[in-house]
Amino acid sequence: MKNKKKAFWNQALLSGPYLLWMGLFILIPLFIVLYYGLTDGSGAFTLENVKKISEPIYMRSLLLSLKLSLYSTLICLLIAYPLAMVLRSLHLKNQNLIVMVFILPMWINFLLRTIAWLTILENNGVLNSFLRLLGFQGLSIINTPAAIVVGMVYDFLPFMILPVYNSLAKIDDNLVAASKDLGANSLQTFRRVILPLSLPGIISGITMVFIPSLTTFAISQILGGGKQNLIGNFIEQQFLLYYDWNAGSGLSLVLMIFILISMAFVAKFDKKQEGTNLW
Amino acid sequence: MNENKLIDLQHVTKKFGDTLVLDDLSLYIRENEFLTLLGPSGCGKTTTLRILGGFEQPDSGRVIFDGQDITNLPPHKRQLNTVFQKYALFPHMNIAENIAFGLRIRKKSKQYIQDKIKYALKLVNLDGYENRMPDSLSGGQQQRIAIARAIVNEPKILLLDEPLGALDLKLRQDMQYELIRLKNELGITFVYVTHDQEEALTMSDTIVVMNQGYIQQIGTPEKIYNEPENAFVADFIGESNIIRSVFLEDRLVEILGAKFPCVDTGFGKNHEVDVVIRPEDIDLVAPEQGTLCGVVTSLIFKGVHYEMEVQAGGFEWLVHSTDLCAVGTQVGIHVDPFDIQIMNVPESEDEEAVNLEE
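The rules we used
- Residues numbered from 1 in each chain as written.
- Chains lettered and ligands numbered in written order.
- Predicted model: local features only at pLDDT ≥ 70, side-chain atom pairs only at ≥ 80, totals over all residues.
- Heavy atoms only, no water.
- Helix = DSSP H or I, 4+ residues; strand = E, 2+ residues; numbered from the N terminus.
- Contact = heavy atoms within 4.5 Å.
- Areas by Shrake-Rupley, 256 points an atom, 1.4 Å probe, with all protein chains shown as cover.
- Lys, Arg positive; Asp, Glu negative; His and termini not counted.
- Charge placed at Lys NZ, Arg CZ, Asp CG, Glu CD.
- Polar contact = N/O pair within 3.5 Å; in protein donor to acceptor, adjacent residues only side chain to side chain.
- Buried area = accessible area lost by both parts, 1.4 Å probe.
- Salt bridge = Lys/Arg side-chain N within 4 Å of Asp/Glu carboxyl O.
- Nonpolar A, V, L, I, M, F, W, Y, C, P; charged D, E, K, R; others polar.
- Buried < 20%, exposed > 50% of the residue type's maximum accessible area, 1.4 Å probe, protein only.
- Domains from an automatic or database assignment.

A. Up close: the overall build of chain A. For chain A, the count of helices and strands is 12 helices and zero strands. Counted from the first residue to the last, chain A has its helices and strands arranged as α-α-α-α-α-α-α-α-α-α-α-α. Counting only C-alpha atoms, chain A reaches 80 × 70 × 35 Å along its principal axes. Counting contacts in chain A only where the partners sit at least 6 residues apart, residues at least 24 apart contribute 70% of the total. Looking at chain A as shown, the accessible area adds up to about 16300 Å², and 71% of this sits on carbon and sulfur atoms. For chain A, the centre of its 20 positive side-chain charges and the centre of its 12 negative side-chain charges are spaced 8 Å apart.

Below, the structure is given as structure tokens:
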């Protein structure tokens, strides 16, 4: 009995700092957002801030955010999956090194990397100079949704590669051999063994790219030139330009709903993957 | 047993980097045979099996299957199935789906698949396990499912890569009988890889003893055990006393200075040979009745028998006997002539290299 009590206090002591951190910097801010989002300037309860999303300008930006995040997530997946497959098949001794190469850009400040893309995509930037040198016409990518997607893909690609590669690397070679032994060709083996077993990695990669893409405002500000306003930009403006914390919090709550929906979807899909057959 | 050659490996050589794993290996497997590839780790037995399964390509040589050259045929087109060492059950499918995998690839009808699953589970004594997931099964059960998954495809040959290696002793012995029963019921050819000599002796029709990429001896379990062709085989299969001796003349050999009558002929006169005597074939008698005299230096109770070491003629004899002789007892060593196995002394350094500590 005494020991149990002691163990309890030991655990409390060890987990204390983390719980404190969680409370101070995650839970309390969340409640502050909830409070501001559901009250007006005088502190009275209202749904007006949340309803703001139905105004055409916000609705449009939310849809644009959703669309661009979907694109960037899809492109990340299409780049990361084949790459991770190749990495897996190489059976390199020093796989960590290879993975590191892809993570290396993450060590450079996020804003600097995005600004670097500005100089590449500008009308008289690196890309267009190169194209003109080859005799092609220059492209006007900068300040378009395409430029934002390029930025999102570049910035968030490592978040897709890592989980996908990890899930692929975990697949036992014997399972692939067993599938072929049982008569499946490479395509069938991929569909019935490799793809389903890498699904948890794909899904966690999708969340890790989709959510930051949905909420970004820096990428759209730098590469969209203020012309492509994502929902993140409007939220930022409410706080920093209009000092309207209530409206900003209200819009944030809407965004949070989308994040919760996508996480619920992931959780459901992942659970399904545990138990039932996919084909 | 059918005399048909179902598999014919012809002059197969395989290198991994600079390491020669198989050196000009030729071997045939008859229909309906239980053939075991036996040897220490690194002897090339698993590589041989992987070449049969199509997971490795030989650098030179051919693999003939039922009269057809399948050397370069990919695994999924071969009419054989493998039971992998670590079972390799698909963790995202339940037992029924695992078993159905090969049948679904071949687009068999639902009814056919259902019947096959039922039949296979019955065969491996796991009825009613259809909806379980692999990780909820014990090692022995997973192994049975792996076998069931392979045999529903009605392969002509079942390849088994140390399938019992991960199981505990009791389970391993049960599974040995199970495998023999399965083979008899199914009537298909088994190619079995193991480093466990007891397993090989229990189950096989034919044992292929391998070492360092070479076949050391091919034969029935009795032949391999009683008449090993060289010191490696003698030492690897069971325990033995291997003594460098002189073959005086037909039916007489001089071991450690004492003349022992034997049954072998044709080794010349006064020719140097290796003699193999199994520990259970040595009779300990009164000193004056023995061909050699010695003293018991160690005694260990092993359950079925006592294991004794006897110092005689400058050699430490390993003796298994159900009769106890206390340490320090003076004993005589007697060996029946037919229990003395004569072998040629290895001619080259290479053959000598068969390391005896295995």
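B. Inspection of the side chain of N230 of chain B at higher detail. Residues and elements named next belong to chain B. Position of N230 relative to the elements: it lies in the loop between helix 7 (221–226) and helix 8 (231–236). Within the structure, N230 has its side chain in polar contact with the side chain of Q216 (distance 3.0 Å). A polar side-chain atom of N230 sits 2.9 Å from the main-chain amide nitrogen of V233. Each residue touching N230, except ones within four places of it in the same chain, is listed here: Q216 and M343.

C. Spatial organisation of the interface of chain A and chain B. Taken together, the 21 residues of chain A in the interface contact 23 residues of chain B. With both chains or domains summed, chain A and chain B bury close to 2100 Å², and 64% of this area falls on carbon and sulfur atoms. At the boundary of chain A and chain B, one finds zero salt bridges. Between the two partners, chain A and chain B, sit four residue pairs in polar contact (both at pLDDT 80 or more). Secondary structure elements with two or more residues in the side of chain A that touches chain B: helix 8 (173–181), helix 9 (186–215) and helix 12 (245–275) of chain A. At seven residues, helix 8 of chain A tops the list of elements feeding residues into the side of chain A that touches chain B. The class makeup of the residues in the side of chain A that touches chain B is nine nonpolar, eight polar and four charged.

D. Structural view of the pattern of salt bridges. Residues and elements named next belong to chain B. Taken as a whole, this structure holds 19 salt bridges over all chains when the rule is applied. The partner of E56 in a salt bridge is R50, and the shortest N-O contact between them spans 3.3 Å. Exposure remark for R50: the relative accessible area of 29% places this residue in the partly exposed category. One salt bridge in this structure joins R181 and E178, with 3.6 Å as the shortest N-O distance. Taken together, the positions of R181 and E178, both in helix 5 (residues 169–186) and three residues apart, correspond to about one turn of that helix. Overall, the relative accessible area of 27% leaves R181 in the partly exposed class. In this structure E178 comes out as buried when scored by relative accessible area, which is 13%.

E. Focus on the domain arrangement of chain A. All names here are of chain A. The assigned domain composition of chain A is domain 1 (1–37) and domain 2 (53–275). The C-alpha-based centres of domain 1 and domain 2 are spaced at 32 Å. Facing five residues of domain 1, the contacting portion of domain 2 comprises seven residues. Of the roughly 530 Å² buried where domain 1 meets domain 2, counting both sides, 78% is carbon and sulfur surface. Per-residue buried area on domain 1 facing domain 2 is highest for V33, Y36 and G37; these three make up 79% of the total on that side. Taken together, domain 1 and domain 2 are joined by one residue pair in polar contact (both at pLDDT 80 or more).

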